[in-house]
Amino acid sequence: MSKNIVVSMQNIHKKYLGTEIETHALQGISLRIYEGEFVAITGPSGCGKSTLLTIMGLLDSASEGSYHISGIDTSSLKVDHRTQVRNQHIGYVFQSFNLIDSMTVYENVALPLEHRGENAQVIKSAVTDALEKVGMQHRAQYKPNQISGGQQQRVAIARALVGNPDLILVDEPTGNLDTQNGDAVMKLLMTLNKQGSTIVMVTHDSRYSGLAHRQIQLLDGKVVGKKQLQTSPEVPSKNKDVA
Amino acid sequence: MRLYINAFKRGIQRIFSLPRLSLPLISTLGLTLAAVLSVVAISNTLLFKPLPDINENDLYQVDLQMAFSEGLNVQFFSDPRRVASIKKRYGDELSWGHVIPSTANIELGGQPIEVTHFDSVTGSPEVLGLALITGQSSDIQNVEEGVWISKSLWQSALNSNEDLNGKTLRLDGEDRPIFGVFDDFASLNAVGLNNQSTQQVWRFRNFDTLLETPDTISLNLGTMTFVRGPETNMPTTAEIEAWYVDYVNNEITVERAKTFLLSKTVEGQKTNYRDAFIGDSQRLAFVLMFAMFSLLIMACLNLLNMFIAHYQSRNKEFAIHICNGSTFTRLRGLVFTENLPMFILASILGLLVAEWLMELLPILAGDNLPLLDYIHLDMLSIILALSVVLFINAIFAVISLIYVDKNALTDSLNSSGKGTPAQQNQLISKTLMVLQLTLACVLLTGASISVKDSYDAAYTDLGYSMPNAYEVSMQIIDDNWQESMREQGRLRGNEWQQVRQDFVTRLSNLDAQVLDVDVLPLTSNVSLRAFPDPDTGNSVMIRPVMWAPKLIETFDITLLAGRNLTPDKATLSEVLIAKAFAIERAGEDKWESMVGKEIRMGEEEEDIFLVVGIVEDIVPLPAGTLNVTAPEIYFKDPNEIDFNRLSAVVVMPQGNELTREQVEQAVKGIDPRLNEVQVEGMVQRWDAVTETTRLNMYIVAGLALLTLVLAAIGVSGLSQMTASQKRYELAVRMATGAKQSKLLQLLIKDSLWMLITGLGLGVIAAVLAYRFVLDFFSSAPPFDWAGTMTINVLLACVMLLSIAIPGWRVISRDPMRVLRDL
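Right, let's get into the sheet that holds strand β7 (residues 167-171) of chain A. Residues and elements named next belong to chain A. Taken together, six strands build an open sheet; the order of strands is β6-β7-β8-β3-β9-β10 and the sheet is mixed. The open sheet has two edge strands, β6 (90-93) and β10 (222-228), and neither has a second partner. Strand-to-strand twist in this sheet, taken as the mean axis angle between neighbours without regard to direction, amounts to 15 degrees. Here strand β3 (residues 38-42) pairs with strand β8 (residues 199-202) via four bridges, running parallel. Paired with Phe-38 across the bridge in β8 is Ile-199. Contacting β3, β6, β7, β8 and β9 (214-219), helix α1 (residues 49-56) crosses the sheet at an angle of about 150 degrees to β7.

In structure tokens:
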């Protein structure tokens, strides 16, 4: 049984330089995430969870250290190249969904593929698949403000997985949802993971972090604990149609 | 591609769904673009396109300017005989032409038509390269018997009928055969020609026989002498001046005139025809171009600030795009595409308004610009319009996204929308606003000086009032009769005076007051007379004015000293003199002391005059129209009588109009050698004379107002943006007890440095720019510090209001309501 490394971080630091104070948000984080894993990053508020996720998602860059995603060294990448890597390899789900209100559900989900320059047929097929997976195909022509918060989060997940990324990063997916919708979204993430998606999720909710295979606990920008919660599932061969 | 198509479709929808963005853009950009396009079309026609009617290659205008009196230059070539003389000197190497344009009334096909009349010499149209449409050329033997007409007149009055046999037109009371048709002569910038028209009539004198008659010893304005030939063969200015000395010595036989002419400074001129024809219009085009481009820039800066504000509110959307794999270039492309429908509409509006402005140009520009009928929008204008809007759109697309920080996407993605995000520091918006204020200062300063100058010129105190007075005149159409009367000269009771008396008596039947003077005080028909100072021998220049009983009272000309003239006969001829003349002649004595003194204006006994009174100086026409500084002397018996026309002044009761028909009826049958009754009201004349100045004033004032409005919109937009972005902070401050006045101070303080910097830089730039304008235009009015300061204080007040009002609207709301809205 072989495990492909999707994320490899070595000694990651992140400093924010203010006019008077320097904030050291991450202090030497090193970790690896394997293909097919479902990892939860946990910790109290201000411990650096979201900062770590944004660096992982190439939305921000580390002050120090090296970060490889799918074997690509990201430290030397220029902005547009980082964008390209993000488009090809990463799907990102935000706590606040970040859907574009002026676009329909279909158009929002199609966005990564449009930016990738795929043709209309490919886009249609992939978007339809993604919306089916999250159970939102019947709302394809709706605008985000016409659907509920839980549905918006499902659309955001569909957008994250439509480009068949190697890694799906999920930032507090249930933070803006009630328990019922939160449970539904977690169920969906677990299903996607079972279908082969590698998922890294930031959460401070212990109920949901317990559903992950592995937990990485942060405190004051450092990893203070790693917990293997379940036997790492046998890594399935990745089903490209699904992911 | 779909993204771009969708962006374009969204752009179309946004025209209707986002009117606060689309309407200002379409209207502001469209209108300023129209102004720019109009100026570009004008410049292109004036400066670059070949002249539409004549062949300008190897064609030059020559002139010999004589400093007749202070501020008044006259053209020595005003008599074509002199052109014939210089032509003879240069032989066949060069072709010469001469034109005296004027306005005339003709009758063609029974219809009275006002035309531009060219009194010219044989071969002139051919020298210009003006195409002969039909008929005979102008160098035929019997050229003086007939006339030639322009193509426009031929088309409108003769329906382009090529058979000119038997076709005549009535000019100066005579029917003259039409010998040919020339193309319209448009490349002509005639001084003093009120209505330059393409309805034209040419009359020619035989160039070769002009030297057979003596020089008329007269000097006029508004003539044009041109010559065609290789530049190497052209006379130099020094050669023209040398010819002048020879001519005066050999051809002027009256000694007094010869001495006078040789005492004057002359300046030979030889100018490329186009340069002479365009004249100051070239500089005017540059100034207009600067003003219009400045307005366009101001409008763009405004719109750009609006766009930045709009796109700042969409930061999150762009961050989402980038997060999902869009490059920055693609985002800019999407913004460009999204804005394309609005910009296309703006350019369509710009083109339509520009075309409309072109139609209005003859009214707007009056006589200030030549070739008005040939200024149109063409393919170049359309390409220029599209290029300009696409360029502006591209710039907007680049700058609008400037606040999207690609290195800190999470800031945008996670922003709460409350307060001002760190990346929205407004530095660019404020810099743009400073730039806009600086430009506004420059434009407003120039405009205020120009408006004040135009106002002073149009509404200057002329030294007399404007009663309901009319100048009534008739033309003498019999040259022999005129000649015989001229020979009778100043003999009292001569035939001319009898005709004149009859004329005045007949006019008295109109139930109005008739003044036996030749012209109204407001007149372009100015005679000047020079006499040698008996003490120094220097030439003294005066403006003789006819006096009549009630003249001074009717026009409220102030009598400053002495008494008025009376109709009674006296031993010595009595005169009234203007104050300026009294000051000049009194020397070190008081000017009032001139009353009772004698003035000798010649060698004869009858050239001695007794000054009985001194009156205020009067100005024949508002400033800038006619530069005559010679002082007036009022004569009871006019020494200079205009033999070309019989005229008098009729003052009607207020509210009553004097018509041409009334006058024709009154003078019916006076003498068959008199024709062409003309009636012109004083107020109408003032309206006509000041029309262009007033129109310029209104246009420039409109431009200034537009500048002020643009600046106000820009600053209030920025203030609105600042207040809107700070509304969370303001609401929290309000909720915690800050007074509204304190919050208003906070907002004003935030924008104050921008205001001070913009106005400070603006005043410096305005002074520098105006110094440049003064170097460019010698006739530009001097810099006006008081006016500049006033207009800038006004600008500052408007700006403060523009900052305060939008801010006040935010802080006047209930704080909890603001907080709830966020």
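Inspection of every chain in the model, using the stated rule, returns six cavities of 30 Å³ or more. Roughly 120 Å³ of volume is contained in the second largest cavity. Lining the second largest cavity are 14 residues, with Ile-90, Gly-91, Tyr-92 and Pro-112 of chain A together with Asn-324 of chain B sitting closest to its centre. Elements with a minimum of two residues in the lining of the second largest cavity: α2 (79-89), β6, α3 (105-116) and α5 (149-161) of chain A. A total of three residues in the lining of the second largest cavity trace back to one element, the largest contributor, which is β6 of chain A.

A low pLDDT score tells you not to read the predicted coordinates there in detail. All names here are of chain B. When pLDDT is averaged along chain B, the result is 84; 91% of the residues meet or exceed 70. Across residues 416-423 the pLDDT falls below 50, and counting only partners more than four positions away or on other chains, this stretch makes ten contacts in the model. Interface predicted TM-score (ipTM) for the complex: 0.76; the corresponding pTM is 0.71.

On to the pattern of salt bridges. Residue and element names in this part refer to chain B. Counting across every chain of the model gives 33 salt bridges over all chains. The closest approach of N and O atoms between Arg-205 and Asp-119, which form a salt bridge, is 3.2 Å. Separated by 86 residues along the polypeptide, Arg-205 in strand β9 (residues 200-205) and Asp-119 in strand β4 (residues 111-121) bring together distant segments of the chain. With a relative accessible area of 30%, Arg-205 lands in the partly exposed category. One salt-bridge network, held together by shared partners, links Arg-10, Arg-14, Arg-314, Glu-317 and Glu-338.

Now for the packing of aromatic side chains. Across all of its chains, the model carries 26 aromatic pairs over all chains by this definition. A centroid spacing of 4.8 Å and a plane angle of 85 degrees characterise the contact between Phe-76 of chain B and Tyr-244 of chain B, whose relative ring orientation is edge-to-face. Residue Phe-76 of chain B is found in the loop between β2 (72-75) and α3 (80-90), and its partner Tyr-244 of chain B is found in helix α6 (residues 237-251); the two are separated by 168 residues along the sequence. According to the relative accessible area criterion, Phe-76 of chain B is buried, its value standing at 0%. Since its relative accessible area comes to 2%, Tyr-244 of chain B is described here as buried. With a centroid separation of 5.7 Å and an interplanar angle of 35 degrees, the aromatic rings of Tyr-311 of chain B and Phe-318 of chain B are classed as tilted. What makes Tyr-311 of chain B buried here is its relative accessible area of 0%. Residue class for Phe-318 of chain B comes out buried when judged on its relative accessible area of 3%. Here Arg-139 of chain A stacks its cationic end above the ring of Tyr-142 of chain A, 4.7 Å away from the centre of that ring. If you follow Lys-87 of chain B out to its NZ or CZ, it ends over the ring of Phe-207 of chain B, 5.0 Å from the centre.

Ranked by internal contacts, the top residues of the largest apolar core, which has 149 residues, are Met-56 of chain A together with Phe-185, Trp-202 and Tyr-273 of chain B. In terms of residue count, the dominant contributor to this core is helix α2 (residues 19-48) of chain B (15 residues). Membership of the second largest hydrophobic core comes to 38 residues, among which are Val-155, Ala-158, Leu-177 and Ile-199 of chain A.

Glancing now at the packing of α6 of chain B against helix α7 (residues 255-263) of chain B. Residues and elements named next belong to chain B. Packing of α6 against α7 brings their axes to within 9 Å, and their N-to-C directions diverge by 165 degrees. Classed by the angle they form, the pair α6 and α7 counts as roughly antiparallel. With respect to the hand of their crossing, α6 and α7 are arranged in left-handed fashion. Contacts from Tyr-244, Val-248 and Asn-249 in α6 reach Lys-258, Leu-261 and Leu-262 in α7.

The rules behind these values
Residues numbered from 1 in each chain as written. Chains lettered and ligands numbered in written order. Predicted model: local features only at pLDDT ≥ 70, side-chain atom pairs only at ≥ 80, totals over all residues. Heavy atoms only, no water. Pairing = 2+ DSSP bridges. Helix = DSSP H or I, 4+ residues; strand = E, 2+ residues; numbered from the N terminus. Axes fitted to C-alpha atoms, helices over the stretch in contact; angles between N-to-C directions. Contact = heavy atoms within 4.5 Å. 1 Å grid on protein atoms, 1.4 Å probe; cavity = no way out; pocket = protein on both sides within 12 Å on 5 of 7 lines; lining within 4 Å. Points joined across faces, edges and corners; volume = space filled by probe spheres on them. pLDDT = per-residue confidence, 0-100. Salt bridge = Lys/Arg side-chain N within 4 Å of Asp/Glu carboxyl O. Buried < 20%, exposed > 50% of the residue type's maximum accessible area, 1.4 Å probe, protein only. Phe/Tyr/Trp six-rings, centres within 6.5 Å; stacked < 30°, edge-to-face > 60°. Lys NZ or Arg CZ within 6 Å of the ring centre and 35° of its normal. Core = buried A, V, L, I, M, F, W, Y, C linked by side-chain atoms within 4.5 Å. Parallel < 35°, antiparallel > 145°, perpendicular 65-115°, else oblique. Left-handed = near helix turned anticlockwise from the far one by under 90°.

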